[in-house]
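Structure assessment
The chain contents come next:
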Amino acid sequence: MPKRKAEAQLKREEEEEQPSDGAEEDDNSKSASDGYDKSTGKSSDESHSDKAEESSEGDSVDSDSDDDTSPEASPSEAESEDDEDGEAYKEVNVNFEFFDPQERDFLGLRALLNTYLDGQQYDCSGLVDAIIKQTAVGTVVKSAEEDDPFAVLTAFNTCRGTAAGSVWLTQLREYLTARCPDPATREKLCKAFSGPGTGLLVSERLINCPPQLAPPLMQMLMEEVDGAANDEDYPQEEREEFAFQRFLHVTRVYTDPQDEQAEGGEDGQAAGGSGAAPGPPRDSSLRGKKGDEGEDALIVYVRPEDEYLHQVCSWSFTFSVEGRPLAKGDLRPLRAVMCVEAGRVREAREMMDLVVGNMMADGGATAVAAGGKVAAAAGGERKAVAGAFGKR
């Protein structure tokens, strides 16, 4: 080997055998300043690049795995559009089951009927007892047998049977008579209460109950009444009790006195005690009716059956509900009392079925047995109607 080359090689070997501490620090500092990563053998820029690629690959894998499963609904997907207060409407699926009133329903019915006389003190427990004891006619709606009822519909004979002479019926009669604005209509009201063959409809439900409950409730009630009046399995006295000639219906409606209709007087003569049947409405949910103060006000019906029973009634009147403070622009609550001949109830039901629909008529519930009664082998359960209805 040439001398110069041999000297250079010897010098390099000596430097490799005895490296100085300062050189190591310089090398390390140089590696750090250059971004060299000894654990990976790559520069820091290369490491960051690899990590970014790994992160993107992980994200792509996660997104691919999400495609294999159903994504969780976001709040906007689980809820519908916001209302005017900024709160979202939510949809809840509820099973509606129809039962005979039972002792277990006492407290729930008492809470439901506590304001039946608009805050006036009355024998609410007596009314609830009458509903439960009357086994031939009457229906409560619950989501399960153990739950409290949120709707009830039944009919009582005002002169005989379970309700005759009861304290609650006397209190109701006095309450309505004192608030009837027209003497002629007041006389008709007293005659209806005391005359034979009058059935008092007791209908109460929570305000957010879907309107689709009304047609099957009315159908079941009328079929039960017809069965109790004509089925030979019932005693003669009980059959006579349910041989109704007319129905008194007491319900809640609302009005806006400021919103008058030009033709309200023509199609609203029944209210206020004129005695004429009202004409057909121009809208499926609102009608022009003459209120107790004589103005042509707009009536808002909360329950669909009220509108159609009002159309076929023989006479009716309304009066304001007292003791409820109202904000400016709020609708004014009213009580509507109407008398409907028994032969015209079917006409009202048919109109309501055409507009609202009937779950029972459409096959959504089991048929009612002959005589309006269904076997109560399963703890009094009659029939179940399941559906998805929107709730706040």
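Residues numbered from 1 in each chain as written. Predicted model: local features only at pLDDT ≥ 70, side-chain atom pairs only at ≥ 80, totals over all residues. Heavy atoms only, no water.

What follows concerns the side chain of E224. You can see E224 is positioned in helix α9 (residues 214–230). Look at E224 and you get buried, because its relative accessible area is 2%. Among the polar contacts made by the side chain of E224, one reaches the main-chain amide nitrogen of G138 at a distance of 3.1 Å. (Helix = DSSP H or I, 4+ residues; strand = E, 2+ residues; numbered from the N terminus. Buried < 20%, exposed > 50% of the residue type's maximum accessible area, 1.4 Å probe, protein only. Polar contact = N/O pair within 3.5 Å; in protein donor to acceptor, adjacent residues only side chain to side chain.)

Within strand β6 (residues 198–205), eight of the eight residues are buried, which leaves it mostly tucked inside the rest of the structure. Every second residue of β6 is oriented toward a common face, with T198, L200, V202 and E204 on one face and G199, L201, S203 and R205 on the other, all of them buried. In the sheet, strand β5 (residues 151–157) pairs with β6 via seven bridges, with the strands oriented antiparallel. Considered in β6, the bridge of T154 is made with V202. Pairing of β6 with strand β7 (residues 246–256), which is carried by four bridges, proceeds in the parallel orientation. Bridging across to β7, T198 finds its partner in R246. (Pairing = 2+ DSSP bridges.)

This part covers the packing of aromatic side chains. Taken as a whole, this structure holds seven aromatic pairs when the rule is applied. The interplanar angle of 80° and the centroid separation of 5.7 Å between the aromatic rings of F96 and F150 together place this pair among those described as edge-to-face. Placement of the pair is F96 in strand β3 (residues 90–99) and F150 in the loop between β4 (139–142) and β5, with a sequence separation of 54 residues. Accessibility assignment for this pair places F96 and F150 in one class, buried. On the numbers, 5.5 Å between centres and 65° between planes, the contact of F156 with W168 is edge-to-face. Residue F156 is found in strand β5, and its partner W168 is found in helix α7 (residues 167–179); the two are separated by 12 residues along the sequence. (Phe/Tyr/Trp six-rings, centres within 6.5 Å; stacked < 30°, edge-to-face > 60°.)

What follows covers the environment of P101. Relative to the assigned elements, P101 resides in the loop between β3 and α5 (106–113). Given a relative accessible area of 10%, P101 falls into the buried group. The contact partners of P101, leaving out residues within four places of it in the chain, are I131, I132, G138, T139 and V140. (Contact = heavy atoms within 4.5 Å.)

A word on α5. Burial in α5 covers these residues: G108, L109, L112 and L113. Projection of α5 onto a plane perpendicular to its axis shows the buried side chains occupying an angular sector of 120°, all on one side. Set apart from the buried face of α5 by more than 90 degrees, the exposed residues are L107 and A111. (Arc of directions from axis to C-beta.)

We now examine the pairing of β4. In β4, alternate side chains face the same way, and those of T139 and V141 on one face and V140 and K142 on the other are all buried. As judged from the three bridges shared by β4 and β5, these two strands associate in the antiparallel manner. Counted as the bridge partner of T139 is L153 from β5.

Attention now goes to the pattern of salt bridges. Tallying each qualifying case throughout the model produces nine salt bridges. Residue E204 is joined to R303 by a salt bridge in which the shortest nitrogen-to-oxygen separation is 3.0 Å. Of the two residues, E204 is situated in strand β6 and R303 in the loop between β9 (296–301) and α12 (304–312); the sequence distance between them amounts to 99 residues. Side by side, E204 and R303 carry an identical accessibility label, which is buried. Shared partners join several salt bridges into a network, and the residues in it are D118, E204, R252, R303 and R335. (Salt bridge = Lys/Arg side-chain N within 4 Å of Asp/Glu carboxyl O.)

Inspection of the secondary structure assignment puts Q219 in helix α9. A sequence separation of 130 residues divides Q219 from R349, and the C-alpha atoms of the two residues are 7.7 Å apart.

Backbone geometry at D118 places phi at a positive 55°, although glycine is not the residue there. You can see D118 is positioned in the loop between α5 and α6 (124–133).

In this section: the nonpolar core. By size, the foremost hydrophobic cluster in this structure holds 42 residues, and its most contacted members are V141, L213 and L221. Of all the secondary structure elements, the ones that give two or more residues to this core are β3, β5, α9, β7, β9, α12, β11 (332–341) and α13 (342–356). Per-element accounting of this core gives the leading share, nine residues, to α9. Ignoring anything within four residues of it in the chain, the contact list for L221 reads V137, L153, T154, A155 and L201. Within the second largest apolar cluster, 35 residues are counted, among which are F99, C180, L248 and F317. (Core = buried A, V, L, I, M, F, W, Y, C linked by side-chain atoms within 4.5 Å.)

Geometric values such as these leave the question of function open.
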